[in-house]
Amino acid sequence: MSKFKHGVASGKLVQEIFEDAKINKYALPAVNVTSSSTVNAVLETAAELNSPIIIQFSNGGCHFFSGKGLNNNNHKATILGGISGAMHVHQLAESYGATVILHTDHCSRKNLPWLDGLISESQKWFNLHAKPLYSSHMIDLSDEPIEDNIKTCVEYLKVLSKIDMTLEIELGITGGEEDGVDNTDIESNKLYTQPQEVAYAYEELIKVSNKFTIAAAFGNVHGVYKPGNVKLTPKILLNSQKFVHEKFSTKNSMPIDFVFHGGSGSSVDEIREAISYGAIKMNIDTDLQWGFTIGTRNYFSSKQDYLKSQIGNPQGDDIPNKKYYDPRVWLREGEITFKERLTKCFTDLNNVNRNR
Ligand SMILES: [Zn+2]
């Protein structure tokens, strides 16, 4: 018996998983996927480690899933790619024995039509299957004044909460560069969220639903940089929890479900500290891109004499090389090293055997 039902989670189960994580001091890796190959590698790892996982598609990841050759006029390719990728996860998650929260990553204001397309598909699913296509979406309007950011997020939360979905919002800006958004030159004070901002967002969102999470900035950046270039201050999360708890006399001493963006390159101590302050989700993209590439790179360099032509290798001039150049062989090598890196991530997040 597993604690959390296998398959794609929605509704109350999502908050129950986050609550379990907070109580038992672990967090879920939120893995950016781009292909059936990476989705399958995530499902395989989550099932082997018997722990819940978040699979997320970015806007660019959705476009890659539908195929870069499909034109994206009116967000068509990113909407179709998001639907196609999500259906792939629904089709397989239960068979693998994985409990999955299915999510989309950063959505800026200009990409809201992409989200609208996916939400409309979730509404159809909800009518047909009594559950949405996605468990949750993220809206990132952190580059706008907080009033505008929260006003829009409240409107979306009203829509999402009717179909058992959760919303992730962002306050303060994650530095660095990801998925074509470059925040490398942002003023440094914007990289640290204030407790008052968290309280304002909490006050407005909780009027609608408790199904929300907050990505707060505490010096985190997207991408991996030389040690010393990133000054993380997870204490910001603790200060915000205390502030909200006291201001609204919440029952829970840590009322906020925090999300840790830009986790790649962080030390285990920093990760565990953030978890102890209520971070229940850590996004991981860059380190897993590297993980996948290592396996394929090692394969190509060790097999180069077998990949020069279709026929002929060091074993003989007439020997066919088909079994070496079949893309399934080198993609699998990438999946294996991706899985190794993801396993380390689950371990760092203290999330092993949590689904018993
Ligand atoms: Zn992010």
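Structure: above.
Small disclaimer: the values here were computed from a predicted structure and weren't measured.

(A) A look at the overall build of the chain. Within the chain, the secondary structure is distributed over 12 helices and 14 strands. The globule rule puts the C-alpha radius of gyration for 356 residues at 21 Å, and the 21 Å found for the chain is close to it. Dimensions of the chain, computed from C-alpha atoms along their principal axes, come out at roughly 75 × 50 × 45 Å. Burial status across the chain gives 55% buried among its 356 residues. Contacts in the chain between residues far apart in sequence, at least 24 positions, make up 71% of those at least 6 positions apart. Carbon and sulfur atoms make up 51% of the accessible area of the chain, which totals about 16,100 Å². Across the chain, the mean location of the 37 positive side-chain charges is 4 Å away from that of the 42 negative side-chain charges.

(B) Structural view of the pattern of salt bridges. Evaluated as defined, the whole model comprises 15 salt bridges. For lysine 281, the salt bridge goes to glutamate 168, with nearest N and O atoms at 2.7 Å. Of this pair, lysine 281 sits in strand 12 (residues 279–284) while glutamate 168 sits in strand 6 (residues 166–171), and the two are 113 residues apart along the sequence. Each member of the pair, lysine 281 together with glutamate 168, is buried.

(C) Just the nonpolar core, in detail. Ranked by internal contacts, the top residues of the largest apolar core, which has 76 residues, are Val31, Ile55, Phe57, Val89, Ile169 and Ile214. Setting aside its immediate chain neighbours within four residues, valine 89 contacts Val8, Val39, Ile55, Phe57, Val100 and Leu102. Counting residues in hydrophobic clusters, the runner-up holds 13 residues, among them Val14, Ala21, Ala30 and Ile280.

(D) Quick look at the pairing of strand 9 (residues 212–216). Among the 5 residues of strand 9, 5 are classified as buried, and the element is accordingly described as predominantly covered. Covered by surrounding structure in strand 9 are Phe212, Ile214 and Ala216 together with Thr213 and Ala215, the residues of both alternating faces. In this sheet, strand 9 lies alongside strand 6 in parallel orientation, the contact comprising 5 bridges. The partner of leucine 171 across the bridge, within strand 9, is alanine 216.

(E) Molecular detail of the sheet that holds strand 7 (residues 175–178). Within the open sheet, the 3 strands sit side by side as 8-7-10. Their pairing is mixed. With partners counted over all chains shown, the strands left at the sheet margins are strand 8 (181–183) and strand 10 (221–222), one partner each. Bridge count for strand 7 against strand 8 is 3 bridges, and the pairing is antiparallel. Bridge pairing links glutamate 178 to valine 181 in strand 8.

(F) Main features of the side chain of histidine 222. Following the sequence through the fold, histidine 222 ends up in strand 10. Excluding anything up to four places from it in sequence, histidine 222 contacts His106, Thr174, Gly175, Gly176, Glu177, Glu178, His261 and Gly262.

(G) Here's a closer look at the packing of aromatic side chains. Applying the stated criterion across every chain, the model contains 8 aromatic pairs. Seen in terms of ring centroids, tyrosine 202 and phenylalanine 248 are 5.4 Å apart; in terms of plane orientation they differ by 40°. Their pairing is tilted. Of this pair, tyrosine 202 sits in helix 7 (residues 195–206) while phenylalanine 248 sits in helix 8 (residues 235–248), placing them 46 residues apart in sequence. When the centroid spacing of 6.0 Å and the interplanar angle of 75° are considered together, the rings of tyrosine 299 and phenylalanine 300 count as edge-to-face. Classification of tyrosine 299 by relative accessible area gives buried; the value is 6%.

(H) Inspection of helix 10 (residues 286–302) at higher detail. Helix length check: helix 10 (17 residues) gives 24 Å between terminal C-alpha atoms against 24 Å at 1.5 Å per residue, within 8%. Among the residues of helix 10, those classed as buried are Asp287, Leu288, Gly291, Phe292, Gly295, Thr296 and Tyr299. Check the buried side of helix 10 and you find it contacts strand 2 (28–32), helix 2 (36–49), strand 12, helix 11 (322–325) and helix 12 (327–348).

(I) Spotlight on the environment of aspartate 164. Residue placement: aspartate 164 occurs in the loop between helix 6 (146–161) and strand 6. Residue class for aspartate 164 comes out partly exposed when judged on its relative accessible area of 28%. Sequence spacing of aspartate 164 and lysine 247 is 83 residues, and the spatial spacing of their C-alpha atoms is 28 Å. The contacts of aspartate 164, once residues within four sequence positions are left out, are Ser10, Gly11, Phe126, Pro132, Ser135 and Lys211.

(J) Inspection of the pairing of strand 6 at higher detail. Counting buried residues along strand 6, 6 of its 6 residues qualify, which places the element largely inside the surrounding structure. Burial of the side chains of strand 6 extends over both faces: Thr166, Glu168 and Glu170 are buried on one face and Leu167, Ile169 and Leu171 on the other. Summarising the sheet, strand 5 (residues 136–139) and strand 6 pair through 4 bridges and their orientation is parallel. If you follow serine 136 over to strand 6, its bridge partner there is threonine 166. Crossover strand 5 to strand 6 through helix 6 is right-handed.

Conventions we followed
- Residues numbered from 1 in each chain as written.
- Predicted model: local features only at pLDDT ≥ 70, side-chain atom pairs only at ≥ 80, totals over all residues.
- Heavy atoms only, no water.
- Helix = DSSP H or I, 4+ residues; strand = E, 2+ residues; numbered from the N terminus.
- Rg over C-alpha atoms; globule rule 2.2 N^0.38 Å.
- Buried < 20%, exposed > 50% of the residue type's maximum accessible area, 1.4 Å probe, protein only.
- Contact = heavy atoms within 4.5 Å.
- Areas by Shrake-Rupley, 256 points an atom, 1.4 Å probe, with all protein chains shown as cover.
- Lys, Arg positive; Asp, Glu negative; His and termini not counted.
- Charge placed at Lys NZ, Arg CZ, Asp CG, Glu CD.
- Salt bridge = Lys/Arg side-chain N within 4 Å of Asp/Glu carboxyl O.
- Core = buried A, V, L, I, M, F, W, Y, C linked by side-chain atoms within 4.5 Å.
- Pairing = 2+ DSSP bridges.
- Phe/Tyr/Trp six-rings, centres within 6.5 Å; stacked < 30°, edge-to-face > 60°.
- Expected span 1.5 Å × (residues − 1).
- Right-handed = clockwise from strand over helix to strand, strands pointing away.

What is shown is where atoms sit, not what they do.
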